[in-house]
Structure formats: structure tokens, C-alpha cells
Amino acid sequence: MDRMFRVCGFWTGIFTVMLYLGGLDRTAMLFLAQTGFFVLLSYLKLSERMYMYVFGAYLTIFFVGFTYWTTFMMPLGGGE
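Residues numbered from 1 in each chain as written. Predicted model: local features only at pLDDT ≥ 70, side-chain atom pairs only at ≥ 80, totals over all residues. Heavy atoms only, no water.

K.L.:
Go over the packing of helix α2 (residues 25-42) against helix α3 (residues 48-73), please, and point to the residues and values.
P.N.:
Where α2 contacts α3, the axes come no closer than 12 Å and their chain directions differ by 170°. It follows from the interaxial angle that α2 and α3 lie roughly antiparallel. Seen along the crossing, α2 lies across α3 with a hand that is right-handed. Residues Gln34, Phe37, Phe38, Leu41 and Ser42 of α2 touch α3, and the partners they reach there are Tyr51, Val54 and Tyr58. Partitioned by chemical class, the residues of the contact of α2 with α3 number six nonpolar, two polar and no charged. (Axes fitted to C-alpha atoms, helices over the stretch in contact; angles between N-to-C directions. Helix = DSSP H or I, 4+ residues; strand = E, 2+ residues; numbered from the N terminus. Parallel < 35°, antiparallel > 145°, perpendicular 65-115°, else oblique. Left-handed = near helix turned anticlockwise from the far one by under 90°. Contact = heavy atoms within 4.5 Å. Nonpolar A, V, L, I, M, F, W, Y, C, P; charged D, E, K, R; others polar.)

K.L.:
So what about the pattern of salt bridges? Which residues, and what values?
P.N.:
Taken as a whole and judged by the stated rule, the model has two salt bridges. Two residues, Asp2 and Arg6, come together in a salt bridge whose shortest N-O distance is 3.6 Å. Taken together, the residues span about one helical turn, with Asp2 and Arg6 both in helix α1 (residues 2-21) at a distance of four residues. On the basis of relative accessible area, Asp2 is assigned to the buried category, the value being 17%. For the salt bridge of Lys45 with Asp2, the shortest nitrogen-to-oxygen distance reads 3.2 Å. (Salt bridge = Lys/Arg side-chain N within 4 Å of Asp/Glu carboxyl O. Buried < 20%, exposed > 50% of the residue type's maximum accessible area, 1.4 Å probe, protein only.)

K.L.:
An account of unusual backbone geometry is requested, with residue identities and associated values reported.
P.N.:
Here Lys45, not a glycine, exhibits a phi torsion of approximately 55°, which is positive. Lys45 gets classed as exposed once you look at its relative accessible area, which sits at 60%.

K.L.:
Any details on the side chain of Gln34? Residues and values, ideally.
P.N.:
Along the chain, the position of Gln34 falls in helix α2. One polar contact links Gln34 to Tyr58, side chain to side chain, over a distance of 2.7 Å. The residues touching Gln34, leaving out its near neighbours within four places in the chain, are Thr12 and Tyr58. (Polar contact = N/O pair within 3.5 Å; in protein donor to acceptor, adjacent residues only side chain to side chain.)

K.L.:
Which residues make up α1, and what values go with them?
P.N.:
In this model α1 runs 29 Å from its N-terminal to its C-terminal C-alpha over 20 residues, within 8% of the 28 Å that 1.5 Å per residue would give. Every buried residue of α1 is listed here: Asp2, Phe5, Gly9, Thr12, Thr16 and Leu19. Taken around the axis of α1, the buried residues stretch over an arc of 90°, which confines them to a single face. Facing away from the buried side of α1, by more than 90 degrees, are the exposed residues Arg3 and Leu21. In this structure, the buried residues of α1 make contact with α2 and α3. Downstream of α1 by one or two residues, Gly23 has phi in the positive range, about 85°. (Expected span 1.5 Å × (residues − 1). Arc of directions from axis to C-beta.)

As C-alpha cells, then:
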């Protein structure tokens, strides 16, 4: 299970580079923080159950944040 968190860290790292090169610096920093979180977590040698709890908490926080952003922060009509 720890290897899967390294895989998540790898892919968020790839997204960090692509977002930075695309000029989306704030989003790149968000993905860089996620990369650090995943890689550091992968070396903690937790039990598989604990890794699942952490991933479930991560997804819950993501969905709450994404729902808040799309409901209250995004302009109506896609910014047109």
C-alpha cells in the first residue's frame, strides 16, 4: 500500500511540473504540497488499514473543498 502512495506522489509531481510550465503557479504549489504529503506518508510504514483511513480522509477533504469551490467561488456560466 505504501507503494501506491509513492505512485500518487509521482503523478501529482508530474502534474506539478505541467501546471508550473503552463503558468498556473498557485495550482502547481497545491499539487507540490500533495506530492510532499503522499511521498512522506508512503515512508511511514503504516498498516494497510491506516493507509485506507488516511486516503478516505484525503478524499473527503478534497470533495468538500471541490464542492465548496464549485458552488460558491466559481462564477456562474463559466465566467462568460
